[in-house]
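# Descriptive analysis of the structure
Take a look at the letters that make up each chain.
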Amino acid sequence: MKLSAGHTGRTRKAPVPGGILLPWVALLATACAPASVAGSASPATTGPVTPAAPASPVRPASGAGTPGGAVERWVTQILQERYTEACLSSAPVLLPAGQDAETLCRKPEVLASAKSLHEAWAKPGVTLPPAGKVEVAPVKQAGDRITVPDTAIKLDGRTLRSIELVGATGDTGSFSLSLKVQRHAGSWYVTGFDLKA
């Protein structure tokens with residue numbers, strides 16, 4: 001698979017096609033460098049878009065009752081360009097002590113990384129939420145931390161993996177993106193990503 005400079009083909013923490021997306025805690029503290037899958041995309045079909053930085057205060061979201069519910073909500077927030085809300089939905093698990101979630105989640109590097117993930121999934125011919133539905137297949141759960149592969153997440157009837165690979169060239173057989181989900185205080189939260197390319 002042809003990726004831009006900086007990708008070595010080794011497993012790295014959370015980069016995604018279209019940009020590097022680290023676990024939210026790392027994003028809150030570091031800037032991210034761009035990377036992209038070869039090919040270009042025209043705008044996807046979208047419904048109404050919520051601004052990335054709403055004028056009214058956004059409070060950290062409560063967790064979801066299931067891992068799939070956490071993934072569905074988080075992916076939908078990214079696809080609807082509600083980047084600050086997506087970051088805040090991970091804050092209860094990942095926020096360093098004494099840090100203000102809203103300030104950290106509005107940092108330019110955090111927003112840029114979330115936008116890169118949006119670009120990896122918002123491809124031509126894919127209907128985005130609210131018209132396009134995000135669905136998560138049941139994933140084997142053992143303990144308080146699980147990994148949800150991109151093949152278990154569908155948008156508009158297509159797996160995220162198939163969408164991520166739109167425009168990719170070369171050998172894509174070893175490519176995979178997975179979301180890390182963690183239970184905290186009885187609720188589930190998306191906490192990061194892993195990419196193998």
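For the structure given in this document, a descriptive report is provided here. (Residues numbered from 1 in each chain as written. Predicted model: local features only at pLDDT ≥ 70, side-chain atom pairs only at ≥ 80, totals over all residues. Heavy atoms only, no water.)

Attention shifts here to the packing of aromatic side chains. Here the structure, examined in full by the defined rule, presents one aromatic pair. Ring geometry for tryptophan 74 against phenylalanine 193: centres 5.1 Å apart, planes inclined by 55°, an arrangement best described as tilted. Of this pair, tryptophan 74 sits in helix H2 (residues 67–79) while phenylalanine 193 sits in strand E9 (residues 187–196), and the two are 119 residues apart along the sequence. Phenylalanine 193 matches tryptophan 74 in its accessibility class, with the two residues each being buried. (Phe/Tyr/Trp six-rings, centres within 6.5 Å; stacked < 30°, edge-to-face > 60°. Helix = DSSP H or I, 4+ residues; strand = E, 2+ residues; numbered from the N terminus. Buried < 20%, exposed > 50% of the residue type's maximum accessible area, 1.4 Å probe, protein only.)

A word on the state of the cysteines. Among covalent bonds in proteins, the disulfide is the one between the sulfur atoms of two cysteines. Enumeration according to the criterion identifies one disulfide in this entry. Paired by a disulfide, cysteine 87 and cysteine 105 hold their sulfur atoms 2.1 Å apart. One quick way to see it: the torsion about the S-S bond of cysteine 87 and cysteine 105 is about -70°, and its sign makes the bridge left-handed. Here the residue cysteine 87 occupies a position in helix H3 (residues 83–94), and cysteine 105 occupies one in helix H4 (residues 101–105), the gap between them amounting to 18 residues. Here cysteine 105 falls in the buried class, since its relative accessible area comes to 1%. (Disulfide = S-S within 2.5 Å.)

Pairing of strand E5 (residues 145–149) with strand E8 (residues 176–184) involves five bridges; the strand directions are antiparallel. In the strand pairing of E8, valine 148 is matched with leucine 179. Summarising the sheet, E8 and E9 pair through nine bridges and their orientation is antiparallel. If you follow serine 176 over to E9, its bridge partner there is lysine 196. Between E8 and E9, which follow one another and run antiparallel, lie two residues, and alanine 185 among them has a positive phi close to 55°. (Pairing = 2+ DSSP bridges.)

Our next topic: H2. Look at H2: 18 Å from first C-alpha to last across 13 residues, which is about the 18 Å you get at 1.5 Å a residue. For H2, every residue scored as buried is listed here: Pro67, Ala70, Val71, Trp74, Val75, Thr76, Gln77, Ile78 and Leu79. Within two residues after H2, glutamate 81 carries a phi angle of roughly 60°, on the positive side. (Expected span 1.5 Å × (residues − 1).)

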